[in-house]
Amino acid sequence: MTVPRQPSSPDLPGPPEPDRDGARASKTEDRRHMIRRRWLTAIIIVLLIGVPAGYLVISANQSRNSGRDKEDKYSATGLTAGWPSKVQRRLYDVPVQPYSAEVAYYETNNWRTSRLYVQFLTSNEGLRRFLKQIGTTEDELKPDDITISKRDRKVVGWEFTGPGPWSGLTHDRKNPAPTQDVVVDRSNAQHPMVYVVSSTTP
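Below you will find a few notes about this structure.

Criteria and thresholds
Residues numbered from 1 in each chain as written. Predicted model: local features only at pLDDT ≥ 70, side-chain atom pairs only at ≥ 80, totals over all residues. Heavy atoms only, no water. Buried < 20%, exposed > 50% of the residue type's maximum accessible area, 1.4 Å probe, protein only. Helix = DSSP H or I, 4+ residues; strand = E, 2+ residues; numbered from the N terminus. Pairing = 2+ DSSP bridges. Contact = heavy atoms within 4.5 Å. Axes fitted to C-alpha atoms, helices over the stretch in contact; angles between N-to-C directions. Phe/Tyr/Trp six-rings, centres within 6.5 Å; stacked < 30°, edge-to-face > 60°. Arc of directions from axis to C-beta. Polar contact = N/O pair within 3.5 Å; in protein donor to acceptor, adjacent residues only side chain to side chain. Core = buried A, V, L, I, M, F, W, Y, C linked by side-chain atoms within 4.5 Å. Salt bridge = Lys/Arg side-chain N within 4 Å of Asp/Glu carboxyl O.

## A few points about the pairing of strand β6 (residues 179-185)
Argument step 1. The buried count for β6 comes to seven of seven residues, which makes it a mostly enclosed element.
Argument step 2. One ladder, built from six bridges, connects strand β5 (residues 166-171) with β6; its direction is antiparallel. Following the sheet pairing, Thr170 is matched in β6 by Asp181.

Structure (structure tokens):
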């Protein structure tokens, strides 16, 4: 025999009804939290990507401007900022030393004589290596001897008028080997500036 279900008394507590206002507030709070989190993520991405990119752009512009300044500085004298090609360095026997600065060059050619004009800032050890590689030594450098002629100085705008001390040598060789006129400026005791005119007769 089955006992019929009795309706629940209205006085007894039933299952709780959903709090619509609380749910709405919770959803609003969750939405605000999500928006805030997205904004923070976007800001972090901008900082991580944008700031380094900005530095790269600034650095690139400074490097480009520096290169333009050098080009402008040397173009007025005929010199080209940068290293002579390997072929030029081998042909004229001008071994510009690694890690040199302020490197510039200019080449002239005619039916009688070809010349390569090169300047570079190096270390004392770099100067010793350079002289050894062309077949001479520091002992051959004569104080106050400007071995590069006025004509050659005029071609590239070199004016050896600074405080120095200056020294120079001429490394004479038989054709077809090139002859080098070298002038050294030691106004910076640790980093001599080297000027070379290497001439060869075809």
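On we go.
## Examining the sheet that holds strand β2 (residues 101-109)
Argument step 1. Spatially, β1-β2-β3-β7-β6-β5-β4 is the arrangement adopted by the seven strands of the open sheet, whose pairing is antiparallel. Of all the strands in the sheet, the pair left with one neighbour each is β1 (80-81) and β4 (142-143).
Argument step 2. Summarising the sheet, strand β3 (residues 114-121) and strand β7 (residues 193-200) pair through eight bridges and their orientation is antiparallel. In the sheet register, Phe120 faces β7, and the bridge partner there is Val194.
Argument step 3. Packed on one face of the sheet, helix α3 (residues 124-134) meets β3, β5, β6 and β7 and runs near 165° to β6.

## A look at the packing of aromatic side chains
Argument step 1. Enumeration over the complete set of coordinates arrives at eight aromatic pairs.
Argument step 2. Ring centres of Tyr117 and Trp158 lie 6.2 Å apart, and the angle between their planes is 65°; this geometry places the pair in the edge-to-face category. Placement of Tyr117 in strand β3 and of Trp158 in the loop between α4 (150-156) and β5 is noted, with a sequence separation of 41 residues between them.
Argument step 3. Judged by centre distance (5.3 Å) and plane angle (70°), the rings of Phe120 and Phe130 are edge-to-face. A residue pair is termed long-range when its members are at least 10 positions apart, and Phe120 in strand β3 and Phe130 in helix α3 qualify at ten residues. Both residues of the pair, Phe120 and Phe130, count as buried.
Argument step 4. Ring-pair connections join several aromatic residues into one group, and the members of that group are Tyr106, Tyr117, Trp158, Phe160, Trp166 and Tyr195.

## Section: α3
Argument step 1. Of all the positions in α3, only Asn124, Gly126, Leu127, Phe130, Leu131 and Ile134 are classed as buried. The arc that holds every buried residue of α3, seen down its axis, measures 160°, which confines them to one face.
Argument step 2. Directly after α3, the chain includes Gly135, whose backbone phi takes a positive value near 100°.

## Some remarks on the side chain of Thr113
Argument step 1. Tracing the backbone through its elements, the reader meets Thr113 in the loop between β2 and β3.
Argument step 2. In this structure Thr113 comes out as buried when scored by relative accessible area, which is 13%.
Argument step 3. Discounting chain neighbours no more than four positions away, the residues touching Thr113 are Thr108, Ser199, Thr200, Thr201 and Pro202.

## What about the environment of Asp152?
Argument step 1. Along the chain, Asp152 falls in helix α4.
Argument step 2. Placed 45 residues apart in sequence, Asp152 and Val197 show a C-alpha to C-alpha distance of 7.7 Å.
Argument step 3. In this structure Asp152 touches Arg115, Tyr117 and Val197, once residues within four positions along its chain are discounted.
Argument step 4. Polar contacts involving the side chain of Asp152 include one to the side chain of Tyr117, which spans 2.8 Å.
Argument step 5. A distance of 2.6 Å separates the side chain of Asp152 from the side chain of Arg151, its partner in a polar contact.

## With respect to the nonpolar core
Argument step 1. Core analysis: the biggest nonpolar cluster contains 18 residues, and Val94, Phe120, Phe130 and Val182 have the highest contact counts within it.
Argument step 2. Looking at this core, the elements with two or more residues in it are β2, β3, α3, β6 and β7.
Argument step 3. With residues up to four places along the chain from it excluded, the contact list for Val182 reads Phe130, Ile134, Thr147, Ser167, Gly168, Leu169, Val194, Tyr195 and Val196.

## What about the pattern of salt bridges?
Argument step 1. What the rule picks out here adds up to seven salt bridges.
Argument step 2. Between Arg115 and Asp152 there is a salt bridge, and its shortest N-O distance comes to 3.7 Å. Placement of Arg115 in strand β3 and of Asp152 in helix α4 is noted, with a sequence separation of 37 residues between them.
Argument step 3. Taking relative accessible area as the criterion, Asp152 reaches 6% and is therefore assigned buried.
Argument step 4. Close ionic contact of Arg151 with Asp152 constitutes a salt bridge, the shortest N to O distance being 2.6 Å.
Argument step 5. Connected via shared salt-bridge partners are Glu125, Arg128, Arg129, Glu138 and Arg186.

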